[in-house]
Amino acid sequence: MDLGVRWKLHGDGRTPAPGAVVRPDERLSWPRTVGLGAQHVVAMFGASFVAPVLMGLDPNLAIMMSGVATVIFLLATRGRVPSYLGCSLSFVGVAAVIRAQGGTSATVTGAVLVVGIALFLVGLAVQRFGARIIHAAMPPIVTGAVVMLIGFNLAPVTASTYWPQDQWTALLVMLFTGLAVVCLRGFWSRIAIFLGLVFGYTISWVFDQVFGKIHSVDGGGKLTDHWRLDLSGVGKADWIGLPSFHGPAFHWSAILVALPVVIALVAENAGHVKAVGEMTGDPLDDKLGTAISADGVASILSTAVGGPPNTTYSENIGVMAATRVYSTAAYWAAAGFALLFGICPKFGAIVAAIPGGVLGGITVILYGMIGLLGAQIWINAKVDLRNPLNLVPAAAGIIIGVGNVSMKFTDTFSLSGIALGTVVVITGYHALRAFAPPHLKRQEPLLDEGTSSYDEPGRAGTRRAES
């Protein structure tokens, strides 16, 4: 059985020839491959350790399980889909809602574990019936609206939790990160979030030295005098040790809040598989369902031990595009680095010490970017918002999700925010479509333009030739 763990040496093993690429089944020399793996780790760092911090989970465990998830993904896809799996930011809002309802870390991971199961089943269905089943249930107007309300539902978290802890640091970090995203080029622009965190650490330390303690709310919401950057835990942490594990707990209210994220993950996976296929020149139509299922299995395993869910990372796809090295050997090296970081408690202590004001500046941009990915889905699919069939369910669902509208059905069961908004978008769209006049029922493209090639082998190449 070919598991995709054998690689041919590309050329002289140093650099790709002009115009050439290092294919997934090839590699450069091992020192260069390991170096590329380290670069992939840096690229995923920003989101992959910010996400668990925002979710209230152990960052050490998150990094460790991202390495495990990447190994599972590479084995499942037989080394044909080079990709890194890191902690998904799509669940940050879900975790905030669950914790606001009194949920614990076990409740969060239990709800997300069920999402992993759902994602695995969707992947199996795609393998069996093709990508058109995704379009039938979740056309672009639906996926875009759900992604948008997931991101924008997070706005109160920034406004009430992080920003008040140190508003001036938050403002400076926001400005620096924005400049880094816009002004830097290539690899550096792809780690702009990480650079923003480093800047925030530095400016917090400087402010502590110059101005002393700050009088503001701390991470627990208590008004007090405290240091912006408290590194006392770093000195006490060991260099080597296992992260903290815990089992999941299952509550229907939390599960219903988390389930809508399946839509965002399916759209994300479809786009990433398509992008990798186009870059490598290897049609990956037959691997879409496998990739989605592998993502689900990786998330199930991670959340079962107390870690966050995982998803394919566009940051690492960007690194491949910049380097023209698509070797899966580099991703095996990256997974190895992640496992090593996971057993270093001192690293986790450094992450846990991120000042609240720094997170405030980062999340203003990050949460907004998550929400606007929904708009990007609409743009790519050329969704017509002048059509009331698209406009009405999306408008209603987004306002419900962003405003955290709640609907109580019984004394023990209610829906609110993300869950209620998603239900309104999906059921509203399909119900209205059933009654809409024929001229409003225009056929829309799939999740992202070109995804239809997953059902029609060879059509993608024809389309490129025609264009």
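Rules used throughout
Residues numbered from 1 in each chain as written. Predicted model: local features only at pLDDT ≥ 70, side-chain atom pairs only at ≥ 80, totals over all residues. Heavy atoms only, no water. Helix = DSSP H or I, 4+ residues; strand = E, 2+ residues; numbered from the N terminus. Buried < 20%, exposed > 50% of the residue type's maximum accessible area, 1.4 Å probe, protein only. Contact = heavy atoms within 4.5 Å. Areas by Shrake-Rupley, 256 points an atom, 1.4 Å probe, with all protein chains shown as cover. Axes fitted to C-alpha atoms, helices over the stretch in contact; angles between N-to-C directions. Parallel < 35°, antiparallel > 145°, perpendicular 65-115°, else oblique. Left-handed = near helix turned anticlockwise from the far one by under 90°. Salt bridge = Lys/Arg side-chain N within 4 Å of Asp/Glu carboxyl O.

Enquirer: Quick one: what's the story with the overall build of the protein, residue by residue and with numbers?
Expert: Helices and strands together make up the secondary structure of the protein, namely 21 helices and eight strands. Out of the 467 residues in the protein, the part that is buried amounts to 53%. For the protein, contacts bridging at least 24 residues in sequence account for 78% of all contacts bridging at least 6. Roughly 19,900 Å² of accessible area belongs to the protein as shown, and the carbon and sulfur atoms make up 66% of that amount.

Enquirer: Any details on the packing of helix α10 (residues 192–211) against helix α18 (residues 356–381)? Residues and values, ideally.
Expert: Relative placement of two packed helices is described by the angle separating their axes and the distance separating the axes. Put simply, α10 and α18 touch, their axes get as near as 9 Å, and they point 155° apart. Comparing the axis directions of α10 and α18 gives the class roughly antiparallel. With respect to the hand of their crossing, α10 and α18 are arranged in right-handed fashion. Residues Ile193, Gly196, Leu197, Gly200, Tyr201 and Ser204 of α10 touch α18, and the partners they reach there are Val358, Ile362 and Leu366.

Enquirer: Describe the pattern of salt bridges, listing the residues and the values that go with them.
Expert: With the rule as written, the count across this model stands at three salt bridges. Where aspartate 208 meets arginine 228, a salt bridge forms, and the shortest distance between an N and an O atom there is 3.0 Å. Pair noted here: aspartate 208 is in helix α10 and arginine 228 is in the loop between β5 (223–226) and α11 (232–236), with a separation of 20 residues, a long-range link. Among the residues examined, arginine 228 registers a relative accessible area of 13% and is labelled buried. Its salt-bridge partner being arginine 386, residue aspartate 384 comes within 3.0 Å of it at the nearest N-O pair. Taking the relative accessible area as the measure of exposure, aspartate 384 reaches 18% and is therefore buried.

Enquirer: Give me the packing of helix α8 (residues 167–183) against α10: which residues, what numbers.
Expert: The N-to-C vectors of α8 and α10 enclose an angle of 150°; their axes lie 9 Å apart at closest approach. Along this stretch, α8 crosses α10, giving a crossing that reads as right-handed. In this structure, α8 contributes Thr169, Leu172, Val173, Phe176, Thr177, Ala180 and Val181 to the contact, and α10 contributes Ala192, Ile193, Leu195, Gly196, Phe199, Gly200, Ile203, Ser204 and Phe207.

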